Amino acid sequence: MARGSPDPRILHRAALATVARYVEPPRAPRSSSRITFKDMFGVLSQPGARTWALVAVPLIALGSGALWSLVTPALVDAGWSLTRIGVVTSVVASVPALAAALAGGGMCRRWGRATTMLLGAGIQLIGGLSFIPVITTLWPVSGGLELAFGVLGTSCVLAGYTIMNTGIYAVNLGLARTENPGGDFTLLTSISMLGGTVGAWAGLTIAAYSNYGVASRSVWPAPAWGSR
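Rules behind the numbers
Residues numbered from 1 in each chain as written. Predicted model: local features only at pLDDT ≥ 70, side-chain atom pairs only at ≥ 80, totals over all residues. Heavy atoms only, no water. Helix = DSSP H or I, 4+ residues; strand = E, 2+ residues; numbered from the N terminus. Buried < 20%, exposed > 50% of the residue type's maximum accessible area, 1.4 Å probe, protein only. Contact = heavy atoms within 4.5 Å. Lys, Arg positive; Asp, Glu negative; His and termini not counted. Charge placed at Lys NZ, Arg CZ, Asp CG, Glu CD. Phe/Tyr/Trp six-rings, centres within 6.5 Å; stacked < 30°, edge-to-face > 60°. Lys NZ or Arg CZ within 6 Å of the ring centre and 35° of its normal. Axes fitted to C-alpha atoms, helices over the stretch in contact; angles between N-to-C directions. Parallel < 35°, antiparallel > 145°, perpendicular 65-115°, else oblique. Left-handed = near helix turned anticlockwise from the far one by under 90°. Nonpolar A, V, L, I, M, F, W, Y, C, P; charged D, E, K, R; others polar. 1 Å grid on protein atoms, 1.4 Å probe; cavity = no way out; pocket = protein on both sides within 12 Å on 5 of 7 lines; lining within 4 Å. Points joined across faces, edges and corners; volume = space filled by probe spheres on them. Salt bridge = Lys/Arg side-chain N within 4 Å of Asp/Glu carboxyl O. Expected span 1.5 Å × (residues − 1). Bend = angle between axes of the 7 residues up to and from the residue.

**Q** Help me get a handle on the overall build of the chain, residues and values and all.
**A** Within the chain, the regular secondary structure consists of 11 helices and zero strands. When the elements of the chain are put in sequence order from the N terminus, they spell out α-α-α-α-α-α-α-α-α-α-α. If one aligns the C-alpha atoms of the chain with their principal axes, the spans along those axes are about 65 × 45 × 35 Å. Looking at the chain as a whole, 38% of its 228 residues qualify as buried. Looking at the chain alone, contacts between residues at least 24 apart form 75% of all its contacts between residues at least 6 apart. Here the chain carries 16 positive and 7 negative side-chain charges, and the mean point of each set is 4 Å from the other.

**Q** Quick rundown of the packing of aromatic side chains? Include the residues and the values.
**A** Per the counting criterion, the structure on display carries one aromatic pair. Pairing Tyr169 with Phe185 gives two aromatic rings, centres 5.9 Å apart and planes at 55 degrees, and the pair type is tilted. Taken together, the residues Tyr169 in helix H8 (residues 143–175) and Phe185 in helix H9 (residues 181–209) connect sequence positions 16 residues apart. Look at Phe185 and you get partly exposed, because its relative accessible area is 25%. In this arrangement the basic side chain of Arg84 is found over the ring face of Trp80, its NZ or CZ atom lying 4.9 Å from the centre.

**Q** Can you lay out the packing of helix H3 (residues 49–77) against helix H4 (residues 82–92) for me, pointing to particular residues and giving the numbers?
**A** Closest axis-to-axis distance for the H3/H4 pair is 9 Å, and the angle between their directions is 150 degrees. Classed by the angle they form, the pair H3 and H4 counts as roughly antiparallel. Seen along the crossing, H3 lies across H4 with a hand that is right-handed. Residue-level contacts link Trp68, Val71, Thr72, Leu75 and Val76 of H3 to Leu82, Ile85 and Thr89 of H4. Residues belonging to the contact of H3 with H4 are distributed by class as follows: six nonpolar, two polar and no charged.

**Q** Requested: an account of the layout of surface pockets, with residues and values cited.
**A** In this model, the second largest pocket occupies a volume close to 380 Å³. Its residues assigned to classes, the lining of the second largest pocket comprises 13 nonpolar, six polar and one charged.

**Q** Describe the pattern of salt bridges, naming the residues involved and giving the relevant values.
**A** The tally for this structure, following the rule as stated, stands at one salt bridge. One salt bridge connects Arg177 with Asp184, and the closest N-O pair in it is separated by 2.7 Å. A residue is classified by how much of its surface remains accessible, and Arg177, at 9% relative accessible area, is buried. Look at Asp184 and you get buried, because its relative accessible area is 0%.

**Q** Describe helix H5 (residues 94–111), listing the residues and the values that go with them.
**A** The end-to-end C-alpha distance of H5, which contains 18 residues, comes to 24 Å, matching closely the 26 Å that a straight helix rising 1.5 Å per residue would cover. Of all the bends in H5, the greatest, near 25 degrees, is centred on Ala103. Turning to H5, its buried residues number three or more, namely Ala97, Ala100, Gly104, Met107 and Cys108. Of the surrounding elements, those touching the buried residues of H5 are helix H6 (113–130) and H8. Just downstream of H5 lies Gly112, where phi reads positive at about 100 degrees.

These values are about where atoms sit, not about what they do.
Shown next as structure tokens:
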């Protein structure tokens, strides 16, 4: 750790202190202390839950996760330094992503969750197109213009990813049963995380055997179809 930089352990302890002070609301006593199959997977019996959890969520998470996984290796292959990549992906792009997350909640209320997630997929598409001058020879650029396109592409891919996650979480919260909200939300969110992990592997594998353009075109339709 560089001299003068903040100790990350302080931030970690501050977060834990906030969690420790949280007081859970009282719950009605359970009729049985045993955890049943219905407790763990009963949310899938909710109307539309199986289609959402087993079809829509995997498609959305697979495509959006795959696109985001391509960003860093694509910039490495484009000759960007690790320092520049770290600053752009972890600092610069996080600002519009945070704004997108805040806006995503409002969009879900105003336009609906499906429209919000489709909009996120469209923003990711803009991000993917913005990478064309950076990682291909179709329209080669350099210097400040290359940096601008790289920042725009990274920001749009991450912002679209964040908006789609906001929509996913909103649907998951709506499906969660009042008697088991934490377990239901965790199950549905775990499916999304698994889809994103598989998507990242698929996107990088396709890119390894072809190129980043083919990989992007292969995975981008998945979130668009899943959001319908």
